[in-house]
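Each chain, written out:
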Amino acid sequence: MAVVRTRVTDLLGIEHPVVQGGMAWTATAELSAAVSEAGGLGIIGAGHMPTELLREQIRTAKELTDKPFGVNLMLLTPHIDELVEMVLAEGVHAVTTGAGNPGKYMPAFKERGIKVLPIAPSVALAKRLESIGADAIIGEGMEAGGHIGELTTMALIPQLVDALGVPVIAAGGIADGRGVAAAFALGAEGVQVGTRFMCATECTIHEDVKLRIVKARDRDTVVTGYSTGHPVRVIKNKLARMLMELDRENKAEELEALGSGKLSLCMCQGDLDMGSIMAGQSAAMVDRIQPAAEIIEDLMSGAVTVIDRLAEMPDRVGA
Ligand code: TUI
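What you see is a predicted model, and the numbers here were worked out from it, not measured in a lab.

Caption draft 1: Region of interest: the side chain of Glu 140. Along the polypeptide, Glu 140 turns up in strand β6 (residues 137–140). We note that Glu 140 is buried and unpaired, the nearest opposite charge coming from Arg 233 at a distance of 8.9 Å. When neighbours within four sequence positions are excluded, Glu 140 is seen to be in contact with Ile 119, Ala 120, Pro 121, His 147, Ile 148, Leu 156, Ala 171 and Gln 192.

Here it is, written out as structure tokens:
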């Protein structure tokens, strides 16, 4: 397979510049280890996971792979301090963070040699995080699934590249080689892919969710929760319609109460009506369930094919 080396592969000691999205209730040790074994950076999604369960997950991943992997910390979780302390004690290669500013924890991670890759939806936050030691910034556009910012990947990535010295990893809407090549064209040195890895064979979510993603069409995702200040992209279903109605009525508290616990209902129990089917706009581009290694192979060989074709393009003008 073609090998693309960037500052991201060097920084993380990985073969391919592909970071797996740290999806709560979805990115378990099994998926993460499979992605890492295939040469990407597997990530265990902590979400609201109890501390001891995350510890077990980290230990399981270490049994499954000797390669680097990381943990995604969702900073809105109430016991985040305890999770951070445990991650520091267990030791992982890298941490990605979402839904907030990880500044408070940065010195401790750095001290232990853990690479810190915060997810930032804006230039201002990214610059602040770079100034306090972020090793790279994951710029996530609003095409992504789950909690999102306001900018698109296409607009955000070049602005981050211009504003930062550290490498930028592009996220949101990337699900095949064309997306990877586009991310490189915008100046990114790596990609984070979530939705497509939900359909990895090794991903432990309910099979019906994988099939729903495979079936998804272009306009199937919607954003709910604007009224709470934490907008979330999901595949449209009965729950999403109820949440959108509460959004229209500005009933943020009722919305939060109704949304609570619905991600696990979806991912673990396969409830496609009342579960929260968090997935990005790229769901429509995912057309099969396949091993993580095949996904990485397709992303990278697809990217190289596109890059080669683009390199020949000037010759074709007017031909
Ligand atoms: O974090 C994600 N995606 C997520 S987290 C999640 S769990 C959740 N459930 C209900 C409500 C909210 C979250 C599901 N999906 N992606 C990374 C990401 N981070 N996207 C946007 C952000 C972000 C937003 C604001 C990062 C930092 C930020 O900073 C605000 C500040 O404190 O300056």
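Caption draft 2: Molecular detail of the site of the ligand. Taken together, the neighbourhood of the ligand is formed by 13 residues, with Ala 99, Gly 100, Leu 125, Glu 140 and His 147 sitting nearest. Within the side chain of Glu 140, one N or O atom sits 3.1 Å away from a nitrogen atom of the ligand. If the ligand stood free it would expose 710 Å²; the protein chains cover 72% of that surface.

Caption draft 3: Geometry of the state of the cysteines. This model, assessed by the stated rule, comprises zero disulfides. The thiol of Cys 199 is unpaired, and the distance to the nearest cysteine sulfur, on Cys 203, comes to 7.8 Å. Classification of Cys 199 as buried rests on a relative accessible area of 0%. Cysteine Cys 266 shares no disulfide, and the gap to the nearest cysteine sulfur, in Cys 268, comes to 8.8 Å. By relative accessible area, Cys 266 is classed as buried at 0%.

Caption draft 4: Inspection of the side chain of Asn 72 at higher detail. With respect to the element layout, Asn 72 can be found in strand β3 (residues 69–74). In this structure Asn 72 touches Gly 22, Ile 43, Ile 44, Gly 45, Ala 46, Gly 47, Thr 96, Thr 97, Gly 98 and Ile 119, once residues within four positions along its chain are discounted.

Caption draft 5: Structural view of the sheet that holds strand β7 (residues 146–147). If you trace the three strands from one edge of the open sheet to the other, you get β7-β11-β10, paired in antiparallel fashion. A strand with exactly one partner marks an edge of an open sheet, and here the two such strands are β7 and β10 (221–224). Alignment of β10 against strand β11 (residues 232–235), held across four bridges, turns out to be antiparallel. Across the sheet, the residue bridging to Val 222 is Val 234, located in β11. Each of β10 and β11 is contacted by helix α11 (residues 238–248), which is oriented at about 40 degrees to β10, the strand it contacts most.

Caption draft 6: Structural context of unusual backbone geometry. Here Ala 99, not a glycine, exhibits a phi torsion of approximately 65 degrees, which is positive. Considering the arrangement of structural elements, one finds Ala 99 in the loop between β4 (94–98) and α5 (106–111). Exposure remark for Ala 99: the relative accessible area of 26% places this residue in the partly exposed category. Not every positive phi belongs to a glycine, and Asn 250 is a case in point at roughly 60 degrees. With respect to the secondary-structure elements, Asn 250 resides in the loop between α11 and α12 (252–259).

Caption draft 7: Quick look at helix α8 (residues 177–185). Considered for burial, the residues of α8 that qualify are Gly 177, Gly 179, Val 180, Ala 181, Ala 183 and Phe 184. Gly 187 occupies a position one or two residues after α8 and carries a positive phi of about 105 degrees.

Caption draft 8: Focus on the sheet that holds strand β2 (residues 42–45). Taking strand neighbours across the sheet as the criterion, the eight strands line up as β1-β9-β8-β6-β5-β4-β3-β2 in an open arrangement whose pairing is parallel. Each end of this open sheet is capped by a strand with a single partner; those strands are β1 (18–20) and β2. Strand-to-strand twist in this sheet, taken as the mean axis angle between neighbours without regard to direction, amounts to 25 degrees. Here three bridges tie β1 to strand β9 (residues 190–193), and the two strands are oriented parallel to one another.

Caption draft 9: Seen up close, the pairing of β9. Going residue by residue along β9, you find Gly 190 and Gln 192 tucked away on one face and Val 191 and Val 193 tucked away on the opposite face as well. In this view, the connection linking strand β8 (residues 168–171) to its parallel neighbour β9 by way of α8 has right-handed handedness.

Caption draft 10: Inspection of the environment of Gln 192 at higher detail. Note that Gln 192 resides in strand β9. Look at Gln 192 and you get buried, because its relative accessible area is 8%. For the pair Gln 192 and Ile 174, spaced 18 residues apart in the sequence, the C-alpha separation amounts to 7.6 Å. Those residues in contact with Gln 192 that sit more than four places away from it in its chain are Val 19, Gln 20, Gly 21, Ile 119, Ile 138, Glu 140, Ile 169, Ala 170, Ala 171 and Gly 172.

Caption draft 11: Broad picture of the environment of Ser 301. Within the secondary structure, Ser 301 is located in helix α14 (residues 292–316). Since its relative accessible area comes to 23%, Ser 301 is described here as partly exposed. A sequence separation of 120 residues divides Ser 301 from Ala 181, and the C-alpha atoms of the two residues are 10 Å apart.

What counts, and where the lines are drawn
Residues numbered from 1 in each chain as written. Predicted model: local features only at pLDDT ≥ 70, side-chain atom pairs only at ≥ 80, totals over all residues. Heavy atoms only, no water. Helix = DSSP H or I, 4+ residues; strand = E, 2+ residues; numbered from the N terminus. Buried < 20%, exposed > 50% of the residue type's maximum accessible area, 1.4 Å probe, protein only. Lys, Arg positive; Asp, Glu negative; His and termini not counted. Salt bridge = Lys/Arg side-chain N within 4 Å of Asp/Glu carboxyl O. Contact = heavy atoms within 4.5 Å. Near = heavy atom within 4 Å. Polar contact = N/O pair within 3.5 Å; in protein donor to acceptor, adjacent residues only side chain to side chain. Areas by Shrake-Rupley, 256 points an atom, 1.4 Å probe, with all protein chains shown as cover. Disulfide = S-S within 2.5 Å. Pairing = 2+ DSSP bridges. Axes fitted to C-alpha atoms, helices over the stretch in contact; angles between N-to-C directions. Right-handed = clockwise from strand over helix to strand, strands pointing away.

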